[in-house]
Amino acid sequence: MKVKMKRVDEIIERYKGEEGVLIQLLLDIQSEFNWIPHGVIARISEKMRIPTSQIYRIASFYKAMSLNPVGRHIIHVCLGTACQVRGAPKILDRVEENLKIKEGSTTADMRFSLRRVNCLGCCAMGPVVVVDGNYHGKITPAMVEDILEKYE
Ligand code: FES
């Protein structure tokens, strides 16, 4: 995925010469591109004179930051015990088939990222799929396609 370095430079410019701004700068990069690419880290290091090791340390510590591309929509499929016994593995299979990706990855068009979780605290609704924070409960494999279609 190509990142516009001109845009990166504009964001860096906001903070140049200031101290203690690295977290805010990285959050701005995250919100602009939805992740923090390696090339951008090198650029920040060069322009802000901050070692790349320090930037990686911060970017990997904060959950709000991602060092991998993240899709526009994030799908969480629950594979906790209660959801498993109600057929969650088949739901995950169907989502993977539909998106042609494996759990933990992102579609080539950056539309979806797929993650598995171990209990979302609403076991009675299982199997549960959450897309962008919207809960879909009592899912069957046949419902998967319709749910995904809602998120263009
Ligand atoms: S096991 Fe899925 S919500 Fe609890």
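The structure under discussion appears in the preceding block.
From a predicted model like this one, the values you see are computed outputs, not experimental measurements. (Residues numbered from 1 in each chain as written. Predicted model: local features only at pLDDT ≥ 70, side-chain atom pairs only at ≥ 80, totals over all residues. Heavy atoms only, no water.)

Asker: How would you explain the overall build of the protein if you had to name every residue and give the values?
Answerer: Along the protein, the regular secondary structure elements total 7 helices and 4 strands. Along the protein, helices and strands appear, N-terminal first, in the series α-α-α-α-β-α-α-β-β-β-α. Radius of gyration (C-alpha) of the protein: 19 Å, far over the 15 Å computed for a compact globule of 152 residues. Counting the 152 residues in the protein, one finds 43% classified as buried. Of the contacts made within the protein by residues no fewer than 6 positions apart, 60% connect residues no fewer than 24 positions apart. (Helix = DSSP H or I, 4+ residues; strand = E, 2+ residues; numbered from the N terminus. Rg over C-alpha atoms; globule rule 2.2 N^0.38 Å. Buried < 20%, exposed > 50% of the residue type's maximum accessible area, 1.4 Å probe, protein only. Contact = heavy atoms within 4.5 Å.)

Asker: Outline helix 3 (residues 38–48), supporting the account with residue identities and numerical values.
Answerer: Structural remark: α-helix, 3.6 residues per turn; residues separated by three or four positions point the same way. Of all the positions in helix 3, only Val40, Ile41, Ile44, Ser45 and Met48 are classed as buried. For helix 3, the angular spread of the buried residues around the axis is 140°, confining them to a single face. Those residues of helix 3 hidden inside the fold are in contact with helix 1 (5–15), helix 2 (22–33) and helix 4 (52–61). Backbone geometry just downstream of helix 3 places Arg49 in the positive-phi region, at approximately 55°. (Arc of directions from axis to C-beta.)

Asker: Please give an account of the nonpolar core that cites residues and values.
Answerer: One finds Ile75, Val77, Ile91, Val95, Leu99, Leu114 and Val129 to be the most contacted residues of the largest nonpolar core, which totals 24 residues. Looking at this core, the elements with two or more residues in it are strand 1 (73–78), helix 6 (88–99), strand 2 (112–117), strand 3 (129–131) and helix 7 (144–149). By residue number, the principal contributor to this core is helix 6, which donates 5 residues. Ignoring any residue separated from it by four or fewer positions in sequence, one finds Val77 in contact with Ala88, Ile91, Leu92, Val95, Leu114, Arg115, Arg116, Val117, Val128 and Val129. The next biggest cluster of nonpolar side chains, apart from the first, holds 23 residues, and it includes Trp35, Ile36, Met48 and Met65. (Core = buried A, V, L, I, M, F, W, Y, C linked by side-chain atoms within 4.5 Å.)

Asker: Explain the side chain of Asp28 residue by residue, including any values.
Answerer: Mapped onto the elements of the fold, Asp28 is located in helix 2. The exposure class assigned to Asp28 is buried, which follows from its relative accessible area of 15%. In this structure the side chain of Asp28 is engaged in a polar contact, spanning 2.8 Å, whose partner is the side chain of Arg14. Discounting residues that sit within four places of it in the chain, Asp28 has contacts with Ile11, Arg14 and Tyr15. (Polar contact = N/O pair within 3.5 Å; in protein donor to acceptor, adjacent residues only side chain to side chain.)

Asker: Give me the pattern of salt bridges: which residues, what numbers.
Answerer: Across all of its chains, the model carries 7 salt bridges by this definition. Its salt-bridge partner being Glu32, residue Arg7 comes within 3.0 Å of it at the nearest N-O pair. Taken as a pair, Arg7 in helix 1 and Glu32 in helix 2 lie far apart in primary sequence, 25 residues in all. For Asp28, the salt bridge is made with Arg14, and the minimal N-O distance between the two is 2.8 Å. Of the two residues, Asp28 sits in helix 2 while Arg14 sits in helix 1, which places them 14 residues apart along the sequence. For Arg14, a relative accessible area of 43% translates into the label partly exposed. Among the charged side chains, a network of salt bridges with common partners joins Lys6, Arg7, Glu10 and Glu32. (Salt bridge = Lys/Arg side-chain N within 4 Å of Asp/Glu carboxyl O.)

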